[in-house]
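Structural features, examined
Read off the chains here:
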Amino acid sequence: MHLSIDKKDVDKFFMVGDKVLIKPKNPQQQTKSGLYLPPTVQEGEKIQSGYVIKAGPGYPLPAEETEAWKKRDDTVRYLPLQVREGDLAVYLQSATYEIKFNDEDYTIVPHSAILMIIRDEGLFE
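1. Some remarks on the overall build of the protein
A tally of regular secondary structure across the protein gives one helix and nine strands. When its helices and strands are written in sequence order, the protein yields β-β-α-β-β-β-β-β-β-β. Expressed as a percentage of its 125 residues, the buried residues of the protein come to 27%. Within the protein, contacts between residues separated by at least 24 positions form 74% of all contacts whose residues are at least 6 apart in sequence. Accessible surface, the protein: about 9,600 Å² in total, of which carbon and sulfur atoms supply 54%.

2. So, the pairing of strand β3 (residues 47–55)
Direction of pairing for strand β2 (residues 19–24) relative to β3: antiparallel, over a ladder of five bridges. Each bridged residue has a counterpart across the sheet, and for L21 the counterpart in β3 is K54. Pairing geometry for β3 and strand β6 (residues 88–92), over five bridges, is antiparallel. Considered in β6, the bridge of I47 is made with L92.

3. A look at the nonpolar core
If you look at the biggest cluster of nonpolar residues, it comprises 10 residues: V20, I22, V52, L81, V83, A89, Y91, V109, A113 and I114. Looking at this core, the elements that each hand over two or more residues are β2 and β6. Membership of the second largest hydrophobic core comes to seven residues, among which are F13, M15, L21 and F101.

4. A look at the pattern of salt bridges
Under the defined criterion, the tally for this structure stands at four salt bridges. Salt-bridge contacts for K19 lead to D18; the nearest nitrogen and oxygen are separated by 3.0 Å. Two residues, R119 and D87, come together in a salt bridge whose shortest N-O distance is 2.8 Å. Of this pair, R119 sits in the segment after β9 (114–118) while D87 sits in the loop between β5 (78–79) and β6, and the two are 32 residues apart along the sequence. Accessibility expressed as a relative area gives 32% for R119, which makes it partly exposed.

5. Concerning the packing of aromatic side chains
Each aromatic ring pair is specified by the distance between its two centres and by the angle formed by the two planes. Counted under the stated rule, the structure contains two aromatic pairs. One aromatic cluster in this structure is built from F13, F101 and Y106. Lying across the ring of F14, K54 places its NZ or CZ 5.9 Å from the centre.

6. Things to note about the pairing of β2
Looking along a regular strand, one sees side chains alternate from face to face of the sheet. Here four bridges tie β2 to strand β8 (residues 104–110), and the two strands are oriented antiparallel to one another. Directly across from I22, in β8, lies its bridge partner T107.

7. Re a nonpolar patch on the surface
A cluster of nonpolar side chains, namely I47, L92, L115, M116 and I118, defines an oily patch on the protein surface of about 430 Å² accessible area. Considering every element that reaches the nonpolar patch, the biggest residue donor is β9, with three residues. Structurally, L115 can be placed in strand β9.

8. Quick look at the environment of I22
Here I22 is to be found in strand β2. Take I22: its relative accessible area is 0%, and that puts it in the buried class. Distance from I22 to L88, taken between C-alpha atoms, is 8.9 Å for residues 66 residues apart in sequence. Residue contacts for I22: discarding those within four places in its chain leaves G50, Y51, V52, I53, A89, Y91, Y106, T107 and V109.

Conventions adopted
The numbering scheme is per chain: residues are counted from 1 as the chain's sequence reads. Two thresholds apply to this predicted model, a pLDDT of at least 70 for residue-level local features and 80 or more for giving and counting side-chain atom pairs, whereas whole-chain, interface and lining totals are computed over all residues. Here the side-chain values reflect all heavy atoms present in the structure, with hydrogen atoms and water set aside. Counting from the N terminus, the helices are DSSP H or I runs at least four residues long and the strands are E runs at least two residues long. Burial classes follow relative accessibility: with a 1.4 Å probe on protein chains only, a residue under 20% of its type's maximum area counts as buried, one over 50% as exposed, and anything between as partly exposed. Whether two residues are in contact is decided by their heavy atoms, any of which lying within 4.5 Å being enough. Each accessible area value is a Shrake-Rupley result obtained with a 1.4 Å probe; residue values ignore everything except the protein chains displayed when judging cover. In this analysis, strands are considered paired if DSSP registers two or more bridges between them. Remark: nonpolar core denotes a set of buried residues (Ala, Val, Leu, Ile, Met, Phe, Trp, Tyr, Cys) joined through side-chain atoms within 4.5 Å. For salt bridges, the criterion is a side-chain nitrogen of Lys or Arg within 4 Å of an Asp or Glu carboxyl oxygen. Between 30 and 60 degrees the pair is tilted, below 30 it is stacked and above 60 it is edge-to-face, where a pair is any two Phe, Tyr or Trp rings, Trp via its six-membered ring, whose centres lie within 6.5 Å. As a reminder, the over-ring test applies to NZ of lysine and CZ of arginine, requiring each to be within 6 Å of the ring centre and within 35 degrees of the ring normal. Excluding any residue in a salt bridge, patches collect residues exceeding 30% relative accessible area, merging like charges within 9 Å and nonpolar Val, Leu, Ile, Met, Phe, Trp and Tyr side chains within 5 Å.

Here you go:
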């Protein structure tokens, strides 16, 4: 599925639940021996990688059972996700949804489809 969005700013995107917005890394265009790969080769890969741009709040937790006379708290609590903005994520391609924003490709991935993250604390310093 391919979706095209005509907004001006990625900062206005809010991911829902366990969803993660990823900017895919540029696929390898050439093999080690020097052969050029067609775009269909990368699209057929089962595992992809990219940088986390936005992450949702996490998995909603069930409301706590309280006594009838206590005031009920209707705020939703979440179990946070492991990924953070800036992480390099390795994920299953089959579980993703692709969107196009400002002529750039992004991928929406459920947290359960992320196999591994690489976090470099000094990357943005």
